[in-house]
Amino acid sequence: MSDSPKIGRYHDALLALTLATDRPARLAETAAGVGVRVDLTLGCHLLAIATADGALRDADADGGWTVHFVGRGSVDAEEPLVTVHGDWLVDAVDQVLARVGALDGRQLCRPTHSRSTRWPSAAREAV
């Protein structure tokens, strides 16, 4: 089955997350159905899923969204670190990012690979 109908249905959500995060958004299959994913930095991503009620009508409709900020948790496995439920996608994303910002001092995301130690320190910091 082609992704064209899904992309059309989620067009506004893809555009909203791309503009809100200044990073490309894409569709992702999840256990709960289709989600909109934005890869951030150091192994973290946002995953927005329309509630069942909203997804049945229209992904852009006032049906609610669940937005997860996903990163490496305490057992070094990928897990939702912050989850927000909201009526509107952009509001839920704003709430997630505010809560992530409030977790100052806690290392939420780590690279999945280590940087080379052969580079001079100034070059490592620039990467």
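Coordinates for the structure precede this section.
From a predicted model like this one, the values you see are computed outputs, not experimental measurements.

Rules used throughout
- Residues numbered from 1 in each chain as written.
- Predicted model: local features only at pLDDT ≥ 70, side-chain atom pairs only at ≥ 80, totals over all residues.
- Heavy atoms only, no water.
- Helix = DSSP H or I, 4+ residues; strand = E, 2+ residues; numbered from the N terminus.
- Buried < 20%, exposed > 50% of the residue type's maximum accessible area, 1.4 Å probe, protein only.
- Polar contact = N/O pair within 3.5 Å; in protein donor to acceptor, adjacent residues only side chain to side chain.
- Contact = heavy atoms within 4.5 Å.
- Pairing = 2+ DSSP bridges.
- Axes fitted to C-alpha atoms, helices over the stretch in contact; angles between N-to-C directions.
- Expected span 1.5 Å × (residues − 1).
- Arc of directions from axis to C-beta.

Colleague: Quick one: what's the story with the side chain of His 68, residue by residue and with numbers?
Modeller: Looking at where His 68 falls in the secondary structure, it is placed in strand E4 (residues 65-72). Overall, His 68 belongs to the buried group, its relative accessible area being 17%. Among the polar contacts made by the side chain of His 68, one reaches the side chain of Thr 83 at a distance of 2.9 Å. Every residue in contact with His 68, bar those within four places of it in the chain, is listed here: His 45, Leu 46, Leu 47, Ile 49, Pro 80, Val 82 and Thr 83.

Colleague: Any chance you could break down unusual backbone geometry for me, citing the residues and the numbers?
Modeller: At Asp 22, a position not held by glycine, the phi torsion is positive, near 60 degrees. With respect to the secondary-structure elements, Asp 22 resides in the loop between helix H2 (11-21) and strand E1 (25-30).

Colleague: Explain the pairing of strand E3 (residues 45-50) to me, using residue names and the numbers behind them.
Modeller: Moving residue by residue along a regular strand, the side chains alternate between the two faces of the sheet. Counting buried positions along E3 yields six of six residues, so the element is predominantly enclosed. Burial along E3 is two-sided: His 45, Leu 47 and Ile 49 facing one way and Leu 46, Ala 48 and Ala 50 facing the other are all buried. As paired strands, strand E2 (residues 33-39) and E3 are joined by five bridges and run antiparallel to one another. Bridge pairing in E3 places Gly 35 opposite Ile 49. Across six bridges, the pairing between E3 and E4 is antiparallel.

Colleague: Before we move on, can you summarise the environment of Arg 26 with the specific residues and values?
Modeller: Relative to the helices and strands, Arg 26 resides in strand E1. When the C-alpha positions of Arg 26 and Leu 14 are compared, they lie 6.5 Å apart, and in sequence the two are twelve residues distant. The residues contacting Arg 26, other than those within four sequence positions of it, are Leu 14, Gly 35, Val 36, Arg 37 and Asp 39.

Colleague: I'd like to hear about the sheet that holds E3, residue by residue, with values.
Modeller: Reading across from one edge, E1-E2-E3-E4-E5 is the order of the five strands in this open sheet, with antiparallel pairing throughout. A single partner strand is all that each edge strand has here, and the edge strands are E1 and strand E5 (78-86). Here the average twist between neighbouring strands, direction ignored, is 30 degrees. Lying on the sheet, helix H4 (residues 89-102) is in contact with E3, E4 and E5; it crosses E5 at an angle near 130 degrees.

Colleague: Give me the lowdown on H4, citing residues and values where you can.
Modeller: Compared with the 20 Å implied by 1.5 Å per residue over 14 residues, the 20 Å span of H4 between its first and last C-alpha is a close match. Every buried residue of H4 is listed here: Leu 89, Ala 92, Val 93, Val 96 and Val 100. Viewed end-on, H4 has its buried residues packed into an arc of 100 degrees, placing them on one side of the element. In H4, those exposed residues whose orientation departs by more than 90 degrees from the buried face are Ala 98, Gly 101 and Ala 102.

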